[in-house]
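Tertiary structure, described
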Amino acid sequence: MALVIPTIEGLAPYEGGKPIEELARELGISDAVKLASNENPLGPSPRAVEAARRVLTDAHRYPDGAAYELRTKLAAKHGVAMEEILLGAGSNELLDLAVRTFCTPAQHIVFAEPSFVVYRIAALSGGVPFSAVPLTAGLVHDLPAMAAAVTPETRVLFVANPNNPTGTHVGRAAVEKLLREVPPDVIVVMDEAYFEYADAPDYPDCLQLRSLRERLLVLRTFSKIYGLAAFRVGYAVGPRNLIDYMNRVRAPFNVSTLAQAAAVAALDDDAHVQNARLLNQAERKRVTRALESRGLWVAPSQANFVLVDLKRPARAVYDALLKQGVIVRPFASLPTSLRVTLGTERENDRFLAALAEVLP
Ligand SMILES: Cc1ncc(COP(=O)(O)O)c(C=O)c1O
């Protein structure tokens, strides 16, 4: 008998952005700039770091498995009940949990392509059939096509808004239509990892749209604008019954004491979040213009990264940028494009200067 199911046999491990230390080992570059994992270039809030430091001496104790303080604080922030919130080791764990809790191999999942690769990994891990619905020509989620891909077996439909790796968003009217029209037994997961960076007037806050459908999970994370990616903490907001089932399946103590303390403190540092948002808005505009002035196409981004179409094989440009000490992100599904996280002004200047060196 096979050791694993065929979909796991065919699975490639998730590959993150290249760590700075790896580039140092491989090419001996010591001052590399990493613009590859959509991290906050301002780092964590000093208050979050201090809060994590304070709980280090409790390291011999298991975390509060119910994460009472953090869930209470998030419930108050969003005006929801504590029982409507589930924490995960990053929103990544919650995506996986949604599939493991609600789907069997007899069911079906819908997501976009290209979108966040973890949707596919979660489906393949569980042996759950899926439809990967192409983005539009403008690299935006095609919500009508996704709704049309729903079958009687569909259990979960994922939408990343803004999308990764394109940065594009879907507007409120289209999202409302989807939430209203998809059959009620489907769980729509709105993955809003980059929510705080979005500023388009028509960008919807799906926590405000919960009245439109019962089976809606809204996912947020502390990894992006809060600058706490290393701590691994994200959360889902949804109806009590969905949260209750996922809570039964999740691993005990899935969010560490340090992560909980850091997240609680980060929620109190609005100024840090606001600085990150303003820096990102300014740099998103500036980097986009600089790339466009080279005749390149940049997908309209609402996130903390841009996808640029170089109109030539991107892998070679990626490798050449590495030699210049600039780490960005190539995608096999977008062979002429690179995804570039927006860093500090200095980091972005390094990227633009390196690109000018590398492009003929
Ligand atoms: C769209 C999207 N969802 C979820 C995640 C997962 O983030 P985390 O597990 O760090 O919360 C990411 C990370 O890049 C993402 O881009």
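Everything that follows concerns the structure shown earlier in this document.
Counted according to the given criterion, the structure contains one cavity of 30 Å³ or more. Empty space within the largest cavity amounts to approximately 40 Å³. What lines the largest cavity is N40, P41, Y197, A276, L279, N280 and L342. For the lining of the largest cavity, the per-class residue count stands at five nonpolar, two polar and no charged.

Judged by how many residues are buried, helix 10 (residues 257-266) sits mostly within the fold: eight of ten residues are covered. Every buried residue of helix 10 is accounted for by A259, Q260, A261, A262, A263, V264, A265 and A266. On the buried face of helix 10, the contacting elements are helix 3 (46-54) and helix 4 (68-78).

Next up on the list: the sheet that holds strand 8 (residues 234-237). Taken together, seven strands build an open sheet; the order of strands is 2-8-7-6-5-3-4 and the sheet is mixed. Lying at the two open borders of the sheet, with one neighbouring strand each, are strand 2 (85-88) and strand 4 (130-134). Strand after strand, the sheet turns through a mean of 20° between neighbouring axes, direction not considered. Bridge count for strand 3 (residues 108-113) against strand 4 is five bridges, and the pairing is parallel. Looking at the pairing, A112 lines up with V133 of strand 4.

Taken together, G90, S91, N92, F116, N164, D191, A193, Y194, T221, S223, K224 and R232 form the complete shell of residues around the ligand. In this structure, an oxygen atom belonging to the ligand sits 2.9 Å away from a main-chain N or O atom of N92. Across the complex, the protein chains shield 94% of the 400 Å² of accessible surface that the ligand would expose by itself. The greatest single-element share of the shell around the ligand, amounting to three residues, is contributed by helix 5 (residues 90-102).

One can find V233 in the loop between strand 7 (216-221) and strand 8. Given a relative accessible area of 0%, V233 falls into the buried group. For the pair V233 and N275, spaced 42 residues apart in sequence, the C-alpha separation works out to 21 Å. The residues touching V233, leaving out its near neighbours within four places in the chain, are L70, G88, A89, G90, T221, F222, S223, V255, A259 and A263.

On to the pattern of salt bridges. In total, this model carries 19 salt bridges according to the counting rule given. A salt bridge links D244 to R248; the nearest nitrogen and oxygen atoms lie 2.7 Å apart. Taken together, the positions of D244 and R248, both in helix 9 (residues 240-249) and four residues apart, correspond to about one turn of that helix. A network of salt bridges, in which partner residues are shared, links K18, E22 and E26.

The rules behind each value
Residues numbered from 1 in each chain as written. Predicted model: local features only at pLDDT ≥ 70, side-chain atom pairs only at ≥ 80, totals over all residues. Heavy atoms only, no water. 1 Å grid on protein atoms, 1.4 Å probe; cavity = no way out; pocket = protein on both sides within 12 Å on 5 of 7 lines; lining within 4 Å. Points joined across faces, edges and corners; volume = space filled by probe spheres on them. Nonpolar A, V, L, I, M, F, W, Y, C, P; charged D, E, K, R; others polar. Buried < 20%, exposed > 50% of the residue type's maximum accessible area, 1.4 Å probe, protein only. Helix = DSSP H or I, 4+ residues; strand = E, 2+ residues; numbered from the N terminus. Contact = heavy atoms within 4.5 Å. Pairing = 2+ DSSP bridges. Axes fitted to C-alpha atoms, helices over the stretch in contact; angles between N-to-C directions. Near = heavy atom within 4 Å. Polar contact = N/O pair within 3.5 Å; in protein donor to acceptor, adjacent residues only side chain to side chain. Areas by Shrake-Rupley, 256 points an atom, 1.4 Å probe, with all protein chains shown as cover. Salt bridge = Lys/Arg side-chain N within 4 Å of Asp/Glu carboxyl O.

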